[in-house]
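Now for the letters of each chain:
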Amino acid sequence: EANSKLQITLDGLHWMFEAQGSSSVCEAIGVSRISPLLLYRRLSVFDCFVLGYCVTHSNCPWEIDLEDCGIGDEGVRMLVRGSLEGESCRSGYISVLVLKQNHITGDGLNQLWKSPAMLKLNRLDLSFNLLGNGGATPLLRSSMGHCIGELHLHKTGIGVEDCQAIGELLSSSPT
């Protein structure tokens, strides 16, 4: 089916990582996107690494909701590091990323744009994190900032600098 979604558990992600079979899983069962079941589950930095690795070693988009998983800046760094690990000629990417309420600061957030898996990100939710004044600005001014169609920054403590970057992004947007 053209619009089917695979929902996978954390154990399933670790199996895919160990088997190095993300792409074959997508192809074998004919799914068009993957959505891990991780919401409100405490994740280790290694879990974040595994998730990043599985995304870039697959052939389909991922919708990832990590709301209140306690990953912090180090978890974001490991998600990016996992996505950069090994030689991957796959086209997997993250289309939706919810990082709501994870104690992420501007330093952790600005690791995201280093991952090629984020370059087609359509929706990003950073609500209830600790970004602070200027925390979102580098991300918003990066190439990744221009592809995000939906951005949630509720209760992140962003300031004037971030608002100016959002204004610049909106004024340069074709729609």
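Here is a short report on the structure shown in this document. (Residues numbered from 1 in each chain as written. Predicted model: local features only at pLDDT ≥ 70, side-chain atom pairs only at ≥ 80, totals over all residues. Heavy atoms only, no water.)

Observations concerning the environment of Leu119
Looking at the secondary structure, you find Leu119 in the loop between α5 (106-109) and β5 (123-125). Counting along the chain gives 26 residues from Leu119 to Gly145, while the straight-line C-alpha distance between them is 8.7 Å. Other than its neighbours up to four places away in sequence, Leu119 contacts Ser143 and Cys147. (Helix = DSSP H or I, 4+ residues; strand = E, 2+ residues; numbered from the N terminus. Contact = heavy atoms within 4.5 Å.)

Side note on unusual backbone geometry
Here the phi dihedral of Gln101 falls at roughly 60°; this positive angle occurs in a residue that is not glycine. Exposure remark for Gln101: the relative accessible area of 35% places this residue in the partly exposed category. You will see that His103, though not glycine, has its phi angle at about 60°, which is positive. Turning to its location among the elements, His103 is positioned in the loop between β4 (93-98) and α5. (Buried < 20%, exposed > 50% of the residue type's maximum accessible area, 1.4 Å probe, protein only.)

Some points on the pattern of salt bridges
Tallied over the full model, the rule gives five salt bridges. Arg77 serves as the salt-bridge partner of Glu74, at 3.5 Å between the closest nitrogen and oxygen. On the criterion of helical spacing, the pair formed by Glu74 and Arg77 is a turn pair, its members being three residues apart in helix α4 (residues 72-84). Overall, Glu74 belongs to the partly exposed group, its relative accessible area being 40%. Using a relative accessible area of 30% as the deciding quantity, one classes Arg77 as partly exposed. (Salt bridge = Lys/Arg side-chain N within 4 Å of Asp/Glu carboxyl O.)

Things to note about α4
Taking 1.5 Å of rise per residue, the 13 residues of α4 would be expected to cover 18 Å, and the 19 Å separating its terminal C-alpha atoms lies within 8% of that figure. By the burial criterion, the buried members of α4 are Gly72, Asp73, Gly75, Val76, Met78, Leu79, Val80, Gly82 and Ser83. Tucked inside the fold, the buried residues of α4 contact α3 (45-56) and α5. (Expected span 1.5 Å × (residues − 1).)

Things to note about the packing of α3 against α4
Where α3 contacts α4, the axes come no closer than 6 Å and their chain directions differ by 35°. Regarding α3 and α4, the two cross each other, and that crossing is right-handed. Seen from α3, the contacting residues are Val45, Cys48, Phe49, Leu51, Gly52, Tyr53 and Thr56; seen from α4, they are Glu74, Gly75, Met78, Leu79, Arg81, Gly82 and Ser83. Classifying every residue of the contact of α3 with α4 by side-chain character gives seven nonpolar, five polar and two charged. (Axes fitted to C-alpha atoms, helices over the stretch in contact; angles between N-to-C directions. Left-handed = near helix turned anticlockwise from the far one by under 90°. Nonpolar A, V, L, I, M, F, W, Y, C, P; charged D, E, K, R; others polar.)

Examining the packing of aromatic side chains
This model, assessed by the stated rule, comprises four aromatic pairs. Between Phe17 and Phe46, the ring centres sit 5.8 Å apart and the planes meet at 80°, which makes this aromatic pair edge-to-face. Placement of the pair is Phe17 in helix α1 (residues 10-19) and Phe46 in helix α3, with a sequence separation of 29 residues. Ring plane angle 85° and centroid distance 6.0 Å describe the contact between Phe17 and Phe49, whose orientation is recorded as edge-to-face. Of this pair, Phe17 sits in helix α1 while Phe49 sits in helix α3, and the two are 32 residues apart along the sequence. (Phe/Tyr/Trp six-rings, centres within 6.5 Å; stacked < 30°, edge-to-face > 60°.)

Examining the pairing of strand β1 (residues 5-8)
The two faces of β1 differ: Leu6 and Ile8 on one face are buried, but Lys5 and Gln7 on the other face are not. Pairing of β1 with strand β2 (residues 33-36), which is carried by four bridges, proceeds in the parallel orientation. Paired with Ile8 across the strands is Pro36, a residue of β2. (Pairing = 2+ DSSP bridges.)

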